[in-house]
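# Geometric and topological summary
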Amino acid sequence: MSPEANIRTLTIDEVDVSARADQTILEAAREHNIAIPTLCHLEGLSEVGACRLCLVEVKGARRLLPACVTRVEEGMEVTTHSPKIDRYRTMVLELFFAERNHVCSVCVANGNCELQSLALRLGMTHVEIPYQYPQLPVDASHPRFTVDHNRCVLCTRCVRVCGEIEGANTWGVMGRGAQSLVITDLKEPWGQSETCTSCGKCVQVCPTGALFEKNRAGMRTQKHPEFLPYLRIMREGEP
Amino acid sequence: MSRTIVIDPVTRLEGHGKITLRLDEAGVVQDAMFHVTQLRGFEKFCEGRPFYEMPNITARVCGICPVSHLIASSKACDAILAVKIPPVAANLRRVLNLAQLIQSHALSFFYLSSPDLLLGMDAPPEERNILHLAHTHPSIAADGVALRQFGQRVIELMAGRRIHPGWTLPGGVNEALNAEKRDQILGMIPAAVAAIQRTLGWFRDATEKFSAEIEVFANFPTLFLGTIDDRGLAECYDGSLRVIDSEGNIIAGELEPARYAEYIGEATEPFTYMKFPYYKPLGYPGGTYRVGPLARLNLAGRCDTPLADVEWRRFRAMSPRPLLSSFHYHQARLIEMLHAAEKMERVLADKGILDKHVRATASVNSLEGVGAAEAPRGTLIHHYKVDENGLIVWANLIIATGHNNAAMNRGILQVARHYVQGDEVKEGMLNRVEAVVRTFDPCLSCSTHAMGQMPLTVEVRAPNGSLVREVRRG
């Protein structure tokens, strides 16, 4: 197949765009500077379509589709912003906030949190859904890092970076639905994990204050997930 | 027929409180109770949190004095790390605490109490507030606003923001001070000192009008407790605790704050959520003591800065013994502000204040830590126990206002017995009952602010609970 045949043309928000057949709507949109909010997506990691913030309308489709895992198709007509989409996205955010205990004012990630930034950007003014206030544990057994499940949005970035980039596969998910927890090994305390290399990539990719460095708590430090695409290229270059 | 008078809410103090006065059949006040009607629950819901989050969490105890909690909490965390923090970090925290003391004292004196002092206890309630004062005494109101602004601005310059700065951490602070900010702070100090001295000038004159109030505003013997440095002088960041009796005798010289549980007990009463700390060797309520500005100036050898020492001598010359009337808290507050501004200048002038090494790092080295410092209202103690991973398993906070609880209750009774009698319940009488509480500057909630305009209801009830009479304002 010639390279030309691999190109698809579609419209996103009434803008004509072209993309490779293996690209997602999200990739095509971002290449054309069309903003779609995301949370579980992170450049350099595989896609899971977990957070549902990137929902878009595709003409002819009966439901909203996640842009991060939907491939472009010839003649597709995509809408990224509409009153309906905005309502859904705000509701998704409200569900995140209601599901666990996100208290920004005393959070280690306050000011550097992707969930918080999204709430600001998408204009989430209040949460209509009743807060669940689950009693969730904090695992501070690792000498350098802490996991606080109260602040976890189950994006699984930690699970993916640990498996796909570091290759340690320390992180996994247990349970179902809102009761799911990210766990280290077979739910051993993080500090007793035999597979963890203490590389800290999971901390750097975590969008909230769920994973953080103990000594940096209160230092207003930013996380640095931008190294991922480079690491990925390095991994792919390996024999 | 015996009666009950309820003052609810008590206005112009920080938080929500209620006062109940019980009158006998002759209309004489038999008992007075100061109720703090809200439960904050910090000691309980902090359990399970990593200890290094405690400064930020407990700062939310109070929107007026978050810095006090940041400091006491950071010190408790220092003890858990078992580190000696860099000297510059201790001095930066000290300056922050002094700035906090100035802004909080300015709030208490000018915003909450000065309407009573300048307009009189019997002035109409709608006039007894800072906004009315801006019309009647504009230069005084301006000094009050400027002094509060000064303290808050210093906090903002050093720690990033005025309310709930996240700057102090276990082991030190998160950022060094730079020369530009230091010079900016030093540049603001002379104007602040001048404003405080002006205030002391008019307040001394005004005090003469309040001899009746001085006589009955919590004017009784108690112990006094506060922090001193190793020379026995006033100190607000770090030192040992001293207890004196009402004759001025030092009954405990150098108590270690970390061992507070050996000499401070906490009693409870069914009518309020606030505990009643007492000096253990004398039991409860015999061991009732007062903390805060009056206590600190009563028990310290002197202030340790030239202008404040002049004022301190003048203050202490009013009585050969410690000053016992809580009315004198007002003047003590002003003297402490002067001392704080001078001390701030001295600490900031030190060359080492710009050192970059501002934090010691370590992991959990002790499963228990106590941190104590002088908050504007008195000695503040944070005590945490953690597991081996540093998660809080138990916390105890002794808030400065709590120490004064027993004295406040007794003070209300004293004032009420003097001013409230029989069927006549006059606004000015009730205001005096509230005003005695304001001398202590209690911080009850401690984050809601009630100013003058809140409604106040007095209910006179028969023994069977039926309403006999109601006086309402607001």
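Residues numbered from 1 in each chain as written. Chains lettered and ligands numbered in written order. Predicted model: local features only at pLDDT ≥ 70, side-chain atom pairs only at ≥ 80, totals over all residues.

### Comments concerning the overall build of chain B
Scanning chain B from N- to C-terminus turns up 15 helices and 16 strands. A globule of 474 residues ought to have a C-alpha radius of gyration of about 23 Å, and chain B, at 22 Å, matches this closely. Oriented by its inertia axes, the alpha-carbon framework of chain B measures out at about 70 × 50 × 40 Å. When burial is assessed residue by residue, chain B has 53% of its 474 residues classed as buried. Considering only residue pairs separated by 6 or more positions, chain B has 71% of its internal contacts joining residues 24 or more positions apart. (Helix = DSSP H or I, 4+ residues; strand = E, 2+ residues; numbered from the N terminus. Rg over C-alpha atoms; globule rule 2.2 N^0.38 Å. Buried ≥ 20, exposed ≤ 12 C-beta atoms within 10 Å, placed from the backbone. Contact = placed C-beta atoms within 7 Å.)

### Brief notes about the overall build of chain A
Each helix and strand in chain A was counted, giving six helices and 10 strands. A compact globule built from 239 residues should have a C-alpha radius of gyration of about 18 Å, and chain A, at 19 Å, falls within 12% of that. Expressed as lengths along the three principal axes of its C-alpha atoms, the size of chain A is roughly 55 × 50 × 35 Å. In chain A, which comprises 239 residues, the proportion classed as buried is 38%. Counted over contacts in chain A with a minimum sequence separation of 6, partners at least 24 positions apart contribute 64%.

### So, the environment of E434(B)
Residue and element names in this part refer to chain B. Looking at where E434 falls in the secondary structure, it is placed in helix 15 (residues 427-439). Assessed through the 21 C-beta atoms surrounding it within 10 Å, E434 is described here as buried. Spatially, the C-alpha atoms of E434 and V173 are 39 Å apart, while their sequence positions differ by 261 residues.

### Looking at the domain arrangement of chain B
A common way to state how big an interface is: give the accessible area lost once the parts meet. Residues and elements named next belong to chain B. Each domain of chain B was delimited in the assignment, giving domain 1 (3-39 + 411-473) and domain 2 (220-307). On the side of domain 2, six residues touch domain 1, which itself brings eight residues to the contact. Looking at which element gives the most residues to the side of domain 1 that touches domain 2, the answer is strand 3 (residues 29-36), with four residues. Grouping the amino acids of the side of domain 1 that touches domain 2 by side-chain chemistry returns five nonpolar, three polar and no charged. (Domains from an automatic or database assignment. Nonpolar A, V, L, I, M, F, W, Y, C, P; charged D, E, K, R; others polar.)

### Remarks on the sheet that holds strand 6 (residues 138-139) of chain A
Residues and elements named next belong to chain A. Taken together, three strands build an open sheet; the order of strands is 6-7-10 and the sheet is antiparallel. Of all the strands in the sheet, just strand 6 and strand 10 (211-213) have a single pairing partner and so form its edges. Relative to strand 10, strand 7 (residues 145-148) runs antiparallel, the two sharing three bridges. Looking at strand 10, one finds that V147 is bridged to L211. (Pairing = 2+ DSSP bridges.)

### A closer look at the sheet that holds strand 4 (residues 65-66) of chain A
Residue and element names in this part refer to chain A. Spatially, five strands are ordered 2-1-5-3-4 in an open sheet, and the strand pairing comes out mixed. In the strand order of this sheet, the two ends are held by strand 2 (15-20) and strand 4, each with one partner. Pairing geometry for strand 1 (residues 7-12) and strand 2, over six bridges, is antiparallel. Bridge pairing in strand 2 places I12 opposite V15.

### What to know about the domain arrangement of chain A
All names here are of chain A. Here chain A is partitioned into domain 1 (3-81) and domain 2 (107-237). Summarising the inter-unit geometry, the C-alpha centres of domain 1 and domain 2 are found 26 Å apart. Its residues assigned to classes, the side of domain 1 that touches domain 2 comprises nine nonpolar, two polar and one charged.

### What to know about the packing of helix 7 (residues 179-207) of chain B against helix 12 (residues 329-349) of chain B
Residue and element names in this part refer to chain B. Close contact between helix 7 and helix 12 brings their axes to 9 Å; oriented N to C, the two are set at 160 degrees. The angle between helix 7 and helix 12 places the two elements in the roughly antiparallel class. The chirality of how helix 7 crosses helix 12 is left-handed. On helix 12, the residues that touch R182, I185, L186, I189, A192, V193, I196, Q197, T199, L200, F203 and T207 of helix 7 are H330, Q331, L334, M337, L338, A341, E342, M344, E345 and L348. Residues belonging to the contact of helix 7 with helix 12 are distributed by class as follows: 14 nonpolar, five polar and three charged. (Axes fitted to C-alpha atoms, helices over the stretch in contact; angles between N-to-C directions. Parallel < 35°, antiparallel > 145°, perpendicular 65-115°, else oblique. Left-handed = near helix turned anticlockwise from the far one by under 90°.)

### Regarding the pairing of strand 14 (residues 392-398) of chain B
Residue and element names in this part refer to chain B. Bridge count between strand 13 (residues 378-386) and strand 14: six bridges; the pairing is antiparallel. Looking at strand 14, one finds that I381 is bridged to I398. Counting the residues between successive antiparallel strands, the hairpin from strand 13 to strand 14 contains five residues, one of them, G390, with a positive phi of roughly 90 degrees.

### Observations regarding helix 11 (residues 306-316) of chain B
Every α-helical turn comprises 3.6 residues, leaving residues that sit three or four positions apart pointing alike. Residue and element names in this part refer to chain B. Buried within helix 11 we find A308, E311, W312 and F315. Projected down its long axis, helix 11 shows its buried positions confined to an angular sector of 105 degrees, all on one face. Among the exposed residues of helix 11, those pointing more than 90 degrees away from its buried face are P306 and R313. If you follow the buried residues of helix 11, they end up packed against helix 7, helix 10 (293-299) and helix 12. (Arc of directions from axis to C-beta.)

### Concerning the nonpolar core
Of all hydrophobic cores here, the largest spans 198 residues; its most connected members are C158(A), I102(B), I412(B) and A416(B). It is helix 4 (residues 87-119) of chain B that provides the largest number of residues to this core, a total of 15 residues. Discounting residues that sit within four places of it in the chain, A416(B) has contacts with L21(B), V29(B), A32(B) and V433(B). (Core = buried A, V, L, I, M, F, W, Y, C linked by C-beta atoms within 7 Å.)

### Regarding helix 3 (residues 114-121) of chain A
Looking only at helix 3 of chain A, the buried set comprises E114(A), L115(A), Q116(A), L118(A) and A119(A). Those residues of helix 3 of chain A that are buried lie in contact with helix 2 (83-99) of chain A.

### Focus on the environment of V420(B)
All names here are of chain B. Structurally, V420 can be placed in the loop between helix 14 (405-419) and helix 15. When the 22 C-beta atoms within 10 Å are taken as the criterion, V420 is described as buried. The sequence separation of V420 and R432 amounts to 12 residues, and the corresponding C-alpha distance is 9.5 Å.

### Comments concerning unusual backbone geometry
P285(B) follows Y284(B) through a cis peptide bond whose omega is 5 degrees. Relative to the helices and strands, P285(B) is located in the loop between strand 10 (276-279) and strand 11 (289-290). For N169(A), which is not glycine, the phi dihedral falls at a positive 55 degrees. Inspection of the secondary structure assignment puts N169(A) in the loop between helix 4 (157-166) and strand 8 (171-174). When the 13 C-beta atoms within 10 Å are taken as the criterion, N169(A) is described as partly exposed. Although it is not a glycine, H164(B) adopts a positive phi angle of roughly 55 degrees. As for its placement among the helices and strands, H164(B) is situated in the loop between helix 6 (138-159) and strand 4 (168-169). Looking at H164(B), the number of C-beta atoms within 10 Å reads 19, which means it is partly exposed.

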